[in-house]
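Residue strings, one per chain:
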Amino acid sequence: MKKDLLGICDLEAADFEEIWQKAEKLKKDLRQGREHASLKGKTLGMIFDKSSTRTRISFEVGMYQLGGIALFLSSRDTQIGRGEIIADTARMASVYLDGIMIRTFAQNDVEEFARHATIPVINGLTDLLHPCQILSDLFTIKEKKGSYEGMKVAYIGDGNNVANSWIEAASILPFELALACPKGYDPDSEIMDRSMKELKSKISLYRDPSDAAKDADVLYTDVWASMGQEAENEQRKKVFKNFKINAQVLKKAKKDAIVMHCLPAHRGEEITAEVLDGEQSVVIEQAENRLHVQKAILEILL
Ligand code: CP
Ligand code: NVA
């Protein structure tokens, strides 16, 4: 049966280890110049309804390095943009391609696509979730800290797709997640309720970033306004003005804490330039690991 990656909850604890072990090997092979053409002749379609730098580059380069090819399909230039329905697109894509990655607005659309496709479907970000990001971020934490087990991750900012995927991960794996979000901008309530029930680790929600950051091993943030929320930009700047990682918040965390951001970042908004470009920031390696982890995901699914 084909397997999809539509959210972190599609995975069991053992799947994470399989992905990360492969990613570690792929990273080492690449660094040492060893070819790894495990997906020779395979094709990945990449449907983008939203902008992307990292996701597009890492999937495209990843497929190339594994011996396959990736096709960039902007919905503006395909018949999807002119109203061809998801079911037809999914059935048709399945006869040409070996897998598909989708970045779009509604999580339901990715799920509907997966129901009609006979090839694996990977969620490359929706308004609700960003599973590839968090799978890769946990790999970075393992690299930097030796393990995610027992670590405290503090997420400061909007209760958005990235926050929701962090919550799903914390419901499966044993690490502590402390979120600080302004009232009215909490993570998805269904994900929060479900994760609290299935809890493997401690998840808490604060209104003060300093409370979440206290003794944290990892400080994490993301933009105040996600793609699709541009009209709320000015309003959000007011609401979120205290929900940022700055030197003061960094001081609350452990001395050896690392700072993470999925990028793109807005210096001076959710994070100060001083912290983003500072010694504790691992954002560039974090972005690099998208490549290695997604190659592992592609190998497993395709
Ligand atoms: N973090 C991330 O997904 O970046 P892009 O939007 O550039 O793909
Ligand atoms: N929350 C951000 C993540 C970008 C990678 C967005 O959805 O725009």
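Please read these numbers as outputs of a predicted model, since none were measured by experiment.

1. Comments concerning the sheet that holds strand S8 (residues 218–221)
No. 1: An order of S7-S6-S5-S8-S9 is seen for the five strands of this open sheet, with the pairing classed as parallel. The sheet is open, and its two borders are formed by strand S7 (203–206) and strand S9 (258–261), each paired with just one other strand. Averaged over neighbouring strand pairs, the angle between their axes works out to 20° when direction is ignored.
No. 2: Pairing analysis gives five bridges linking strand S5 (residues 152–156) to strand S6 (residues 176–180), with the strands arranged parallel. Pairing of lysine 152 across the sheet is with glutamate 176, part of S6.

2. Some details on the nonpolar core
No. 1: Trp166, Phe175 and Leu177 are the most contacted members of the largest nonpolar core, which has 56 residues in total.
No. 2: No other element matches helix H6 (residues 161–172), which puts seven residues into this core.
No. 3: Among the nonpolar cores identified, the runner-up in size contains 23 residues, and Leu219, Phe240, Val249 and Ile271 belong to it.

3. Here's the deal with the pairing of S5
No. 1: Within S5, five of the five residues are buried, leaving the element largely enclosed by the surrounding structure.
No. 2: Burial along S5 is two-sided: the residues Lys152, Ala154 and Ile156 and Val153 and Tyr155 are all buried.
No. 3: Between the parallel elements S5 and S6, the chain passes through H6 in a crossover that is right-handed.
No. 4: The pairing of S5 with S8 spans four bridges and is parallel. Within the sheet, the bridge partner assigned to tyrosine 155 lies in S8 and is tyrosine 220.

4. Quick notes on the site of ligand 1
No. 1: By nearness alone, every residue bordering ligand 1 is listed as Ser52, Thr53, Arg54, Thr55, Arg103, His130, Gln133, Cys262, Leu263 and Arg290.
No. 2: At 2.7 Å, a backbone N or O of threonine 53 approaches an oxygen atom of ligand 1.
No. 3: Coverage of ligand 1 by the protein amounts to 96% of the 250 Å² it exposes when considered alone.
No. 4: Structurally, ligand 1 is housed in the largest pocket.
No. 5: Residues that form the shell around ligand 1 fall into these classes: two nonpolar, five polar and three charged.

5. Structural notes on the side chain of glutamine 286
No. 1: Position of glutamine 286 relative to the elements: it lies in helix H12 (residues 283–301).
No. 2: The exposure class assigned to glutamine 286 is buried, which follows from its relative accessible area of 0%.
No. 3: Reaching out from glutamine 286, the side chain makes a polar contact with the side chain of aspartate 137 at a distance of 3.1 Å.
No. 4: Aside from chain neighbours lying at most four places away, what touches glutamine 286 is Gln133, Ser136, Asp137, Thr140, Tyr220, Met260, His261 and Cys262.

Conventions adopted
- Residues numbered from 1 in each chain as written.
- Chains lettered and ligands numbered in written order.
- Predicted model: local features only at pLDDT ≥ 70, side-chain atom pairs only at ≥ 80, totals over all residues.
- Heavy atoms only, no water.
- Pairing = 2+ DSSP bridges.
- Helix = DSSP H or I, 4+ residues; strand = E, 2+ residues; numbered from the N terminus.
- Axes fitted to C-alpha atoms, helices over the stretch in contact; angles between N-to-C directions.
- Core = buried A, V, L, I, M, F, W, Y, C linked by side-chain atoms within 4.5 Å.
- Buried < 20%, exposed > 50% of the residue type's maximum accessible area, 1.4 Å probe, protein only.
- Right-handed = clockwise from strand over helix to strand, strands pointing away.
- Near = heavy atom within 4 Å.
- Polar contact = N/O pair within 3.5 Å; in protein donor to acceptor, adjacent residues only side chain to side chain.
- Areas by Shrake-Rupley, 256 points an atom, 1.4 Å probe, with all protein chains shown as cover.
- 1 Å grid on protein atoms, 1.4 Å probe; cavity = no way out; pocket = protein on both sides within 12 Å on 5 of 7 lines; lining within 4 Å.
- Sits in = over half its atoms within 2 Å of the grid points.
- Nonpolar A, V, L, I, M, F, W, Y, C, P; charged D, E, K, R; others polar.
- Contact = heavy atoms within 4.5 Å.

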